[in-house]
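What the coordinates show
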Amino acid sequence: PAQATTPNPTRAPASRELATVHLQLEDPDGALQVCDRGIKAMPDNVDLKLLKASIYERKNSYADAIAIYEELLAKDDSMVLAANNLAALIADHEREPARLQRALEVVRRFETSDNPLFLDTVGWVYYRLGNFDQALVFLERAARGASQVPQIHYHLGMAYFSTDQHDLAKRELQAAVDGKDKSFV
């Protein structure tokens, strides 16, 4: 019976599925242990590392998630998911100008993107750097592409507020709290 719940560590899909079961059971530590076993057996498995980073995010262990994304980008700087998530975490949880510049360096590749989530990250990094006008360019584009995402409304509202456009800020911030995603704080 124990073998049924202990996947072959060289099979990443089995490790991912078992980690997901642990997450559904509200056991992020168990999910991390599964990821660690899989990564120990398959040190270059990107999927397990991304999953581990996302688990750290769920646990509010942002520094640990950031370290994984940095490691992944050091090996392959074309990983867009790692780049977006790294920049978003830095923008949300760090304040040092050098770190915010690092986030901008990582997401500049998304400035011509049509992906609203990537545009939101670019805009939020510019916002955190204090470049509110530039932030608005990207956040407005992001909102046009994903009007149902409360976080984008929040970011856009804050940028409007910082540029003294209070009526627009109020509209966007209200949309953020009225959204369907009740997990957005």
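If you're wondering where the values come from, they're calculated on a predicted model, not measured in any experiment.

Formed by 52 residues in total, the largest nonpolar core has its most connected members in I55, Y69, L73, A82, L86, V107 and V125. What A82 contacts, discounting residues up to four positions off in sequence, is L50, Y69, L72 and L73.

The next subject is helix α4 (residues 62-75). Between its terminal C-alpha atoms α4 stretches 20 Å, which fits the 20 Å expected from 14 residues at 1.5 Å a residue. For α4, every residue scored as buried is listed here: A65, I66, I68, Y69, E70, L72 and L73. Looking at the buried side of α4, the elements it contacts are α3 (46-58), α5 (80-93) and α6 (97-107).

Next up on the list: the pattern of salt bridges. Tallying each qualifying case throughout the model produces eleven salt bridges. For R102, the salt bridge is made with E70, and the minimal N-O distance between the two is 2.7 Å. Highlighted residues: R102 in helix α6 and E70 in helix α4, separated in sequence by 32 residues. Between E111 and R108 there is a salt bridge, with the nearest N and O atoms lying 3.8 Å from each other.

The next subject is unusual backbone geometry. Look at E26: it is not a glycine, yet its phi comes out positive at around 60 degrees. Of note, E26 is situated in the loop between α1 (12-24) and α2 (28-41). Residue N60 is not a glycine yet carries a positive backbone phi of 60 degrees.

Averaged over the protein, the pLDDT score is 90; the fraction of residues at 70 or greater is 91%. Least confident of the elements in the protein is α1, whose mean pLDDT is 82; most confident is helix α7 (residues 116-128), at 98. Considering only residues more than four positions removed or in separate chains, one finds that residues 1-5, a stretch of pLDDT under 50, has one contact.

So, about the packing of aromatic side chains. Aromatic ring pairs are defined here through the distance separating the ring centres and the angle between the ring planes. By the definition in use, this model includes five aromatic pairs. Aromatic pair F110 and F118: ring centres 4.1 Å apart, planes at 20 degrees, arrangement stacked. For the residue pair F110 and F118, the accessibility class agrees, reading buried in each case. Where W124 meets Y154, the ring centres are 5.8 Å apart and the plane angle is 55 degrees; that geometry is what we call tilted. With W124 in helix α7 and Y154 in helix α9 (residues 150-162), this pair connects stretches of sequence that are 30 residues apart. Note that R109 overlies the ring of F110, its terminal NZ or CZ placed 5.9 Å from the centroid.

With that out of the way, let us pick up the side chain of E94. With respect to the helices and strands, the residue E94 is situated in the loop between α5 and α6. According to the relative accessible area criterion, E94 is buried, its value standing at 19%. Discounting chain neighbours no more than four positions away, the residues touching E94 are I66, L89, R99 and L100.

Quick notes on the rules
Residues numbered from 1 in each chain as written. Predicted model: local features only at pLDDT ≥ 70, side-chain atom pairs only at ≥ 80, totals over all residues. Heavy atoms only, no water. Core = buried A, V, L, I, M, F, W, Y, C linked by side-chain atoms within 4.5 Å. Buried < 20%, exposed > 50% of the residue type's maximum accessible area, 1.4 Å probe, protein only. Contact = heavy atoms within 4.5 Å. Helix = DSSP H or I, 4+ residues; strand = E, 2+ residues; numbered from the N terminus. Expected span 1.5 Å × (residues − 1). Salt bridge = Lys/Arg side-chain N within 4 Å of Asp/Glu carboxyl O. pLDDT = per-residue confidence, 0-100. Phe/Tyr/Trp six-rings, centres within 6.5 Å; stacked < 30°, edge-to-face > 60°. Lys NZ or Arg CZ within 6 Å of the ring centre and 35° of its normal.

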